Amino acid sequence: MGEKPRKLLVMYASQTGNALDAAERIGREAERRGFPASIVSTDEFDASSLPHEEAVVFVVSTTGQGDSPDSFKAFWRFLLQRNLGNYWLQQVRYAVFGLGDSGYQKYNFVAKKLDKRLSDLGATTIIEKGLGDDQHPSGYEGTLDPWMLSLWSTLYQINPKYFPRGPDVKIPQDELIDQPKYRILYHKREKLEPKLLTESDIIQRARGMSPGKLFKDKSKPDCFLKMTRNEVLTKAGSTKDVRHFEFQFVSSNIEYEVGDVVELLPSQNPSAIDAFIERCDLDPESFITIGPRETENSSFNEEMITQLPIKLKTFVELTMDVTSASPRRYFFEVMSFYATAEHEKERLQYFVSPEGRDDLYNYNQKERRSILEVLEDFPSVQIPFEWLVQLVPPLKPRAFSISSSPLAHPAQVHLTVSIVSWITPYKRTRKGLCSTWLASLTPEQEVNIPVWFHKGSLPAPSQSLPLILVGPGTGCAPFRGFIAERAVQAQSSLIAPVMFFFGCRNKDTDFLYRDFWESHAREGGMLSEGKGGGFYTAFSRDQPMKVYVQHKIREMSKKVWDLLCDGAAVYVAGSSTKMPCDVMSASEETGGSKEVASRWLKALEKAGRYEVQC
């Protein structure tokens, strides 16, 4: 009998798509060297079969404050089982590559804990874990490229049969760009039965076909919201445009709690959608179904036959982010294959070479070029729609902390949103897709917005739990809901005290919800000192020395420590990368001894009473 063919298993856990992109790149680079690779998400792999693998590469991202991707959680729980023992993975060789941001306190925390656990279970590391960093001038690829070269070299030393022609001999990429993973069926309009579909059905149909599903996401919206208020919170002279939005439920109400998160599916600019369809020479009125292409090991996808077709333009609008997301590196590889102008082909091939990595990063990611802009820069490239469906980044719902309380604001959802806008290194103005779209809406338009509700990282506190809240800028959003809810509860029962630390640049221009906070800080209010709480503000630019929320926590250290001793929970929310770390440091100085306070806070964190949402 012949020897069983060796295969490299590449497993990934991705929240936004970067880890998936890196995993696919590792798989492609292995295959270019003659080592077949299989790429699998951690939530689609049977963890109990891990001991039977010979060589495994893990690519895992860390989000926010050390959080793991949703797709990693069940796999990780399996690995933590005590009965697995120290020799469970003794036959397995592994390597870990992490994606993170060194601006955060728990930089690449998921990769580090996975590496340690695999080692504890008896697995042998192939090479030292790689830690990709968003802060690197070339992003995570600045670390990934040299790490991969070391990986191939070490694997070849372990077993030369992995790379029959050596680790440095690569199959030309033109030979490897074969067929896209997805197939499109076009349907004749006259054969289609007319069906009356709801908006929800159309969205479910389109997003159910999309290959851009990272973690078994629900295709069908939980419900629709309609805007009833669009109010600018910041004043003239502010460097930011922060809005207060109010929505009402359309048809059905969804129950939510304070601290929950709502995801909105934004609409893309119609003229940009039309330009993309025209640039790619597509028929917007054609009806399509999409499914995985059959392979040697799988028959024709029966699901494609039973799927109800959808209009191509509708599919693009609802599933393909052609106006805001930047393409991945592999998109440029495929473009080089389809470029007919020699100078364009050469430039694209340079971009995807190791020498061109930094220039591609500067052209693409730093400038945040959209798919449409990139295609317009290379007019000779005509990519088949099957490839576009696979490679165009998926249109993702945007998540926002809810700033209302169902008790205080029945049948309503409030959001506090900073309208995103920035200038690129080449002086181009870029705008956030979802926030800019929301800012453009008016209640009179009566637009139905598809939404999904889910739990955030700030659990709804019981009214008997004392709270220390830290929410600079739009980080105050969930706490507006907390305070509004406690105000209603206080009408019929006793409420535990709340201390709230708010910060912004300038008191006169950036003080979000000023009247709301100050009214609750007055005698008898939820934040009044008479009720054991307090409201403390830090306006960082109103004096020569910058003052932040952590400075105010130090000023009130005795009161903070006393409330902690009374069983308070600490909730921190905000978008700044350093702020949560600075708040933790300030909190450690509130007790008599920094060491005692530090141990106390770590115990709170472990007990779920020190929560951070960024």
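Cut-offs and rules
Residues numbered from 1 in each chain as written. Predicted model: local features only at pLDDT ≥ 70, side-chain atom pairs only at ≥ 80, totals over all residues. Heavy atoms only, no water. Salt bridge = Lys/Arg side-chain N within 4 Å of Asp/Glu carboxyl O. Helix = DSSP H or I, 4+ residues; strand = E, 2+ residues; numbered from the N terminus. Buried < 20%, exposed > 50% of the residue type's maximum accessible area, 1.4 Å probe, protein only. UniProt positions renumbered as here; feature names shortened; annotations may be inferred. Domains from an automatic or database assignment. Phe/Tyr/Trp six-rings, centres within 6.5 Å; stacked < 30°, edge-to-face > 60°. Lys NZ or Arg CZ within 6 Å of the ring centre and 35° of its normal. Axes fitted to C-alpha atoms, helices over the stretch in contact; angles between N-to-C directions. Parallel < 35°, antiparallel > 145°, perpendicular 65-115°, else oblique. Contact = heavy atoms within 4.5 Å. Nonpolar A, V, L, I, M, F, W, Y, C, P; charged D, E, K, R; others polar. Core = buried A, V, L, I, M, F, W, Y, C linked by side-chain atoms within 4.5 Å.

Re the pattern of salt bridges
Pairs can form between side chains of opposite charge whenever their charged atoms are close.
Part 1: As enumerated under the stated definition, the model contains 29 salt bridges in all.
Part 2: Residues R32 and E29 are paired through a salt bridge, measuring 3.1 Å at the closest nitrogen-oxygen approach. On the criterion of helical spacing, the pair formed by R32 and E29 is a turn pair, its members being three residues apart in helix α1 (residues 18–32).
Part 3: According to the relative accessible area criterion, R32 is buried, its value standing at 7%.
Part 4: One salt bridge in this structure joins E231 and R229, with 2.6 Å as the shortest N-O distance.

Concerning the UniProt feature "domain: Flavodoxin-like" (unreviewed entry) in the chain
Part 1: Within this numbering scheme, the UniProt entry marks residues 8–152 as carrying the feature "domain: Flavodoxin-like" (unreviewed entry).
Part 2: Taken end to end, residues 8–152 comprises 32% helix and 22% strand; its first and last C-alpha atoms sit 11 Å apart.

Some points on the domain arrangement of the chain
Part 1: In terms of domains, the chain is made up of domain 1 (8–162) and domain 2 (467–612).
Part 2: Taking only C-alpha atoms into account, the centre of domain 1 sits 38 Å from that of domain 2.

Observations concerning unusual backbone geometry
Part 1: With a phi close to 55°, D281 is a non-glycine residue in the positive phi region.
Part 2: Along the chain, D281 falls in the loop between α7 (270–279) and β11 (287–292).
Part 3: For D281, a relative accessible area of 65% corresponds to the exposed category.
Part 4: Phi angles above zero are rare outside glycine, and Y513 is one such case at about 55°.
Part 5: Tracing the backbone shows Y513 in the loop between α17 (507–510) and α18 (514–521).

A few points about the packing of aromatic side chains
Part 1: Scanning the model with the defined rule gives 31 aromatic pairs in all.
Part 2: When the ring of Y350 is compared with that of F351, the centres are 6.4 Å apart and the planes differ by 35°; the resulting orientation is tilted.
Part 3: Here Y350 falls in the partly exposed class, since its relative accessible area comes to 35%.
Part 4: Ring-pair connections join several aromatic residues into one group, and the members of that group are F479, F482, F500, F502, F511, F516, W517, F535, F539 and Y571.
Part 5: The ring of Y330 carries the charged tip of R28 above its face, separated from the ring centre by 3.6 Å.
Part 6: Sitting over the ring of Y363, R347 keeps its end group 5.2 Å from the ring centre.

Things to note about the packing of α1 against helix α10 (residues 329–338)
Part 1: In contact at an axis separation of 10 Å, α1 and α10 are set at 45° when each is read in the N-to-C sense. Relative to α10, the element α1 lies oblique. Each of D21, R25, R28 and R32 in α1 lies in contact with α10, whose residues at this interface are R329, Y330 and E333.
Part 2: Within the contact of α1 with α10, the residues separate by chemical class into one nonpolar, no polar and six charged.

Side note on the nonpolar core
Side chains that are nonpolar tend, in soluble globular proteins, to be buried together.
Part 1: In terms of nonpolar packing, the biggest core is built from 50 residues, with F276, F315, M335 and F385 touching the most fellow members.
Part 2: Contacts of F385, omitting those with residues within four sequence positions, involve I184, Y186, L282, I288, L312, F315, V316 and M320.

Regarding helix α6 (residues 199–209)
Part 1: Here α6 has its buried residues at S200, I203, R205, A206, R207 and M209.
Part 2: The inward-facing, buried residues of α6 abut β8 (223–232), β11, β12 (310–311), α9 (312–319) and β17 (448–454).

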